[in-house]
Amino acid sequence: MNEQTSPDVFGEYWYDKPGVVEHRFYGIFEGGGAKGVAYAGALRAMAEKKCWFKGVAGASAGAITAALARLGCLPKKLTIGPTVPSKRF
């Protein structure tokens, strides 16, 4: 296979499909545990408005968010808060 016909190593992402994203931005995410929770909501809002990222960078919790955004994690799949029933705590 030559370079033009070889498959993309990462595959096709939802945000690369035609018509899914209308506006692209560069995202820089700060660190801080509480911000990590807020970023999940921000990613959902961006996807709902047909916006996504050209490139991303981050520190600490922001680096986790940046990696999830780049790897194509669907915003609707991100969970805000514990996924374990509260009776266990």
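Refer to the structure presented above.
Residues numbered from 1 in each chain as written. Predicted model: local features only at pLDDT ≥ 70, side-chain atom pairs only at ≥ 80, totals over all residues. Heavy atoms only, no water.

A.B. asks: So what about unusual backbone geometry? Which residues, and what values?
C.D. replies: Of note in the backbone geometry, K50 takes a positive phi value of approximately 60° without being a glycine. Here K50 lies in the loop between α1 (33–48) and β2 (51–58). When its relative accessible area of 34% is taken as the criterion, K50 is described as partly exposed. Within the chain, S60 stands out as a residue other than glycine whose phi angle is a positive 55°. Turning to its location among the elements, S60 is positioned in the loop between β2 and α2 (61–70). Judged by relative accessible area, which is 56%, S60 ranks as exposed. (Helix = DSSP H or I, 4+ residues; strand = E, 2+ residues; numbered from the N terminus. Buried < 20%, exposed > 50% of the residue type's maximum accessible area, 1.4 Å probe, protein only.)

A.B. asks: Let's hear about the nonpolar core: which residues, and what values?
C.D. replies: Among the nonpolar cores identified, the biggest contains eleven residues, and these are Y13, W14, Y15, V21, F29, Y39, L43, W52, F53, A66 and A69. Contributions of two or more residues to this core are made by α1, β2 and α2. Setting aside residues no more than four positions away along its own chain, V21 makes contact with Y15, K50, C51 and W52. (Core = buried A, V, L, I, M, F, W, Y, C linked by side-chain atoms within 4.5 Å. Contact = heavy atoms within 4.5 Å.)

A.B. asks: Help me get a handle on the packing of aromatic side chains, residues and values and all.
C.D. replies: In the structure shown here, the tally under the stated rule is seven aromatic pairs. Their ring planes at 25° and their centres at 6.2 Å tell us that Y15 and W52 sit as a pair that is stacked. Remark: W52 occurs in strand β2 and Y15 occurs in the segment before β1 (23–29); sequence separation between them is 37 residues. Note on accessibility: Y15 and W52 belong to one class, buried. Following the ring pairs from residue to residue traces out a cluster consisting of Y13, W14, Y15, F29, Y39, W52 and F53. (Phe/Tyr/Trp six-rings, centres within 6.5 Å; stacked < 30°, edge-to-face > 60°.)

A.B. asks: Can you explain the environment of Y13? Please cite residues and give values.
C.D. replies: Residue placement: Y13 occurs in the segment before β1. Once the C-alpha coordinates of Y13 and L71 are considered, the two residues, 58 residues apart in sequence, prove to be 7.9 Å apart. The residues touching Y13, leaving out its near neighbours within four places in the chain, are R70, L71 and G72.

A.B. asks: Mind laying out the pattern of salt bridges, listing which residues take part and the relevant values?
C.D. replies: Under the criterion given, the structure shown has three salt bridges. R24 is the salt-bridge partner of D16, the closest N and O atoms lying 3.8 Å from each other. With a closest N to O distance of 2.8 Å, K35 and E30 form a salt bridge. (Salt bridge = Lys/Arg side-chain N within 4 Å of Asp/Glu carboxyl O.)

Purely spatial values, then, with no claim about function.
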